[in-house]
Amino acid sequence: MRKPELLIPASSLEVLKTAVIFGADAVYIGGETFSLRAKAKNFSHEDMKEGIAFAHAHGVRVHVTANILAHNYDMEPARNYFQELAELAPDAIIVADPGMIMLAKENCPDIEIHLSTQANNTNYMTYRFWYGQGVKRVVSARELSLKEIKEIREQIPEDMEIESFIHGAMCISYSGRCLLSNYFTGRDANRGACTHPCRWKYAVVEESRPGEYMPVYENERGTYIFNSKDLCMIEHIPELIDAGIDSLKIEGRMKTALYVATVARTYRKAIDDYKKDPKLYEQNMPWYKEQISNCTYRQFTTGFFFGKPDETTQIYDSNTYNKEYTYLGIVGEIKDGLCRIEQRNKFSVGETIEIMKPDGRNIEAEVLRILNEEGKEQESAPHSKQLLYVELSEIPDVYDILRRKEEESK
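Residues numbered from 1 in each chain as written. Predicted model: local features only at pLDDT ≥ 70, side-chain atom pairs only at ≥ 80, totals over all residues. Heavy atoms only, no water.

Draft legend 1. Local environment of the pairing of strand β11 (residues 247–250). Taking every second residue as pointing to the same face, both faces of β11 are buried, with Ser-247 and Lys-249 on one and Leu-248 and Ile-250 on the other. Sheet topology places strand β1 (residues 5–9) next to β11; 3 bridges connect them, and they run parallel. Following the sheet pairing, Leu-6 is matched in β11 by Leu-248. The sheet contact formed by strand β7 (residues 161–168) and β11 spans 4 bridges and is parallel. Residue pairing in the sheet places Glu-163 in a bridge with Ser-247 of β11. (Buried < 20%, exposed > 50% of the residue type's maximum accessible area, 1.4 Å probe, protein only. Helix = DSSP H or I, 4+ residues; strand = E, 2+ residues; numbered from the N terminus. Pairing = 2+ DSSP bridges.)

Draft legend 2. Looking closely at the packing of helix α9 (residues 257–276) against helix α11 (residues 285–292). The contact between α9 and α11 brings their axes to 9 Å, and the two run at 165 degrees. Classified by the interaxial angle, the pair formed by α9 and α11 is roughly antiparallel. Taken as a pair, α9 and α11 cross one another with a handedness that is left-handed. Only Trp-287, Tyr-288, Gln-291 and Ile-292 of α11 make contact with α9, whose side of the interface consists of Thr-262, Val-263, Arg-265, Thr-266, Tyr-267, Lys-269, Ala-270 and Asp-273. (Axes fitted to C-alpha atoms, helices over the stretch in contact; angles between N-to-C directions. Parallel < 35°, antiparallel > 145°, perpendicular 65-115°, else oblique. Left-handed = near helix turned anticlockwise from the far one by under 90°. Contact = heavy atoms within 4.5 Å.)

Draft legend 3. Main features of the nonpolar core. Among the nonpolar cores identified, the biggest contains 92 residues, and Met-48, Phe-82, Leu-85, Ile-237, Leu-240, Tyr-267 and Ile-401 are the most heavily contacted of them. With sequence-adjacent residues up to four places away left out, Leu-85 is seen in contact with Met-48, Val-64, Pro-90, Ile-93, Cys-108 and Ile-111. Of all hydrophobic cores here, the second largest spans 15 residues; its members include Phe-347, Ile-370, Leu-388 and Val-390. (Core = buried A, V, L, I, M, F, W, Y, C linked by side-chain atoms within 4.5 Å.)

Draft legend 4. Here's a closer look at unusual backbone geometry. Even without a glycine there, the phi angle at Lys-385 is positive, about 70 degrees. Assignment of secondary structure puts Lys-385 in the loop between β17 (362–372) and β18 (387–392). For Lys-385, a relative accessible area of 45% puts it in the partly exposed group.

Draft legend 5. Spatial organisation of helix α4 (residues 98–107). All of the buried residues along α4 are Met-100, Ile-101, Leu-103, Ala-104 and Asn-107. The buried side chains of α4 occupy one side of the element, clustering within an arc of 165 degrees when seen end-on. Turned more than 90 degrees off the buried face of α4, the exposed positions are Met-102 and Glu-106. Buried residues along α4 sit in contact with α3 (75–88), β4 (92–95), β5 (112–115) and α5 (124–132). If you check the start of α4, you find a side-chain oxygen 2.7 Å away from the backbone N of Gly-99, and it comes from Asp-97. (Arc of directions from axis to C-beta. Polar contact = N/O pair within 3.5 Å; in protein donor to acceptor, adjacent residues only side chain to side chain.)

Draft legend 6. Spotlight on the pairing of β1. Of all 5 residues that make up β1, 5 are buried, and the element is covered over most of its length. Here β1 shows no split at all, with Glu-5, Leu-7 and Pro-9 on one side and Leu-6 and Ile-8 on the other all buried. Sheet analysis places β1 next to strand β2 (residues 26–30), joined by 3 bridges and oriented parallel. Residue pairing in the sheet places Ile-8 in a bridge with Val-27 of β2. Once the chain exits β1 it traverses helix α1 (residues 13–21) before rejoining the sheet at β2, and the crossover so formed is right-handed. (Right-handed = clockwise from strand over helix to strand, strands pointing away.)

Draft legend 7. Quick peek at the pattern of salt bridges. Per the stated rule, a full pass over the model turns up 27 salt bridges. Between Lys-147 and Glu-151 there is a salt bridge, with its nearest N and O atoms 2.8 Å apart. Of this pair, Lys-147 and Glu-151 are both found in helix α6 (residues 146–155), 4 residues apart, which corresponds to roughly one turn of the helix. On the accessibility criterion, Glu-151 (34% relative accessible area) is partly exposed. Between Glu-377 and Arg-369 there is a salt bridge, with the nearest N and O atoms lying 3.0 Å from each other. Through salt bridges that share partners, Glu-5, Arg-61, Glu-112, Arg-137, Glu-161, Glu-163 and Lys-249 make up one connected network. (Salt bridge = Lys/Arg side-chain N within 4 Å of Asp/Glu carboxyl O.)

Draft legend 8. Structural detail: the sheet that holds strand β19 (residues 401–405). With respect to topology, 7 strands assemble into an open sheet ordered β13-β19-β16-β17-β18-β15-β14, the strand pairing being antiparallel. Two strands lie at the open edges of the sheet, namely β13 (325–330) and β14 (333–335), each paired on one side alone. Pairwise comparison of adjacent strand axes, ignoring direction, gives a mean angle of 45 degrees for this sheet. Inspection of the sheet shows strand β16 (residues 352–356) paired to β19 by 3 bridges, in the antiparallel sense. Residue Ile-355 lies in a different strand from β19, and its bridge partner there is Leu-402. Of the strands in this sheet, β13, β16, β17 and β19 touch α9, which is tilted by about 95 degrees from β19.

Draft legend 9. Just the packing of aromatic side chains, in detail. Going through the model one piece at a time under the given rule, you end up with 6 aromatic pairs. With centroids separated by 5.0 Å and ring planes inclined at 80 degrees, the aromatic side chains of Phe-129 and Trp-130 adopt a geometry described as edge-to-face. The partly exposed category is assigned to Phe-129, whose relative accessible area is 45%. Seen in terms of ring centroids, Tyr-274 and Tyr-281 are 5.6 Å apart; in terms of plane orientation they differ by 75 degrees. Their pairing is edge-to-face. Chaining the aromatic ring pairs together yields one cluster made of Tyr-274, Tyr-281, Trp-287 and Tyr-288. The lysine or arginine in question, Lys-17, covers the ring of Phe-54, its NZ or CZ lying 5.4 Å from the ring centre. Its end group placed over the ring of Tyr-259, Lys-255 keeps NZ or CZ at 4.8 Å from the ring centre. (Phe/Tyr/Trp six-rings, centres within 6.5 Å; stacked < 30°, edge-to-face > 60°. Lys NZ or Arg CZ within 6 Å of the ring centre and 35° of its normal.)

Printed below as a string of structure tokens:
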């Protein structure tokens, strides 16, 4: 039985460290250029160097995305970028464009090449072709069923790897190759600048009545006719492994450290439990489902994994975000009973918050004191990204996540 890799996204150095501590086998990140998440914080050269060193010190792989569909003017900058990556020595480069593959092979001969889902990888002959071009791993198209993936596994070389998205936001367009953003705003989704027009509200206009907008009601918050549910396969780890998938990939290079920690921790435990004993996996299913629902999410679907969705597994729906917890910060260090954090959302002295630990525990703690960098006490922490020293009724560990449960989560 293959032991699948758990591949977690990271938008920044802070999130990379969180992913590593909370259970990732590998992380994927983007540099400041050539990545399909231009609006993510992404990694500078120095951050990438530190992140790769941190991950490798913990036995975790790092994959770098360079999966834009490139133009002529990208070629020389891409060549220079790949030469920089060769020095940084990540474990893999994720690409989609054949020209970019040639440049990666030429300039990074010792780094694995992985083919992005953007390349529309839907059949075993495509996998074989790219294997012949030196590609180690192919990311399956999201439109594939588990049955199709299993057939691909049976028809490709044993040492070729399959990576599949198993959790997170889904794109309305075929393998993510969407033109809506470019059409509406001039910002090209295939070059990392997607404005997510599939999440906007829409109305219908009849040709003879211009300016008269008729909404298609789906719920009281508006109409989201292109808005996909989020993919979630936490209940189907056995089927994913049986299909021969080598890497279980989580979507979310725009997500917070809290989201990444929650998803990484939950899937880590689910995979490990199933490998230890399938009965243990079934027994702990309520915990997995409870924890995964603590993330910010729309609604969940199994996507195309079990065939084309029908009315019982409809992908498109009235999907506004549900939010269970608010992210407060990551514990940076502990000194004299105070934990240092860079605050992310407001909290106050006297509040009860949670300490979220990588081992699955969530410990309630009261906020006893809040001090600023000068040691001056304050009653609340209203300013985002303020550096604070916080005394809690329970002492956390470095890299623990601080969060607050919200009373209203609908």
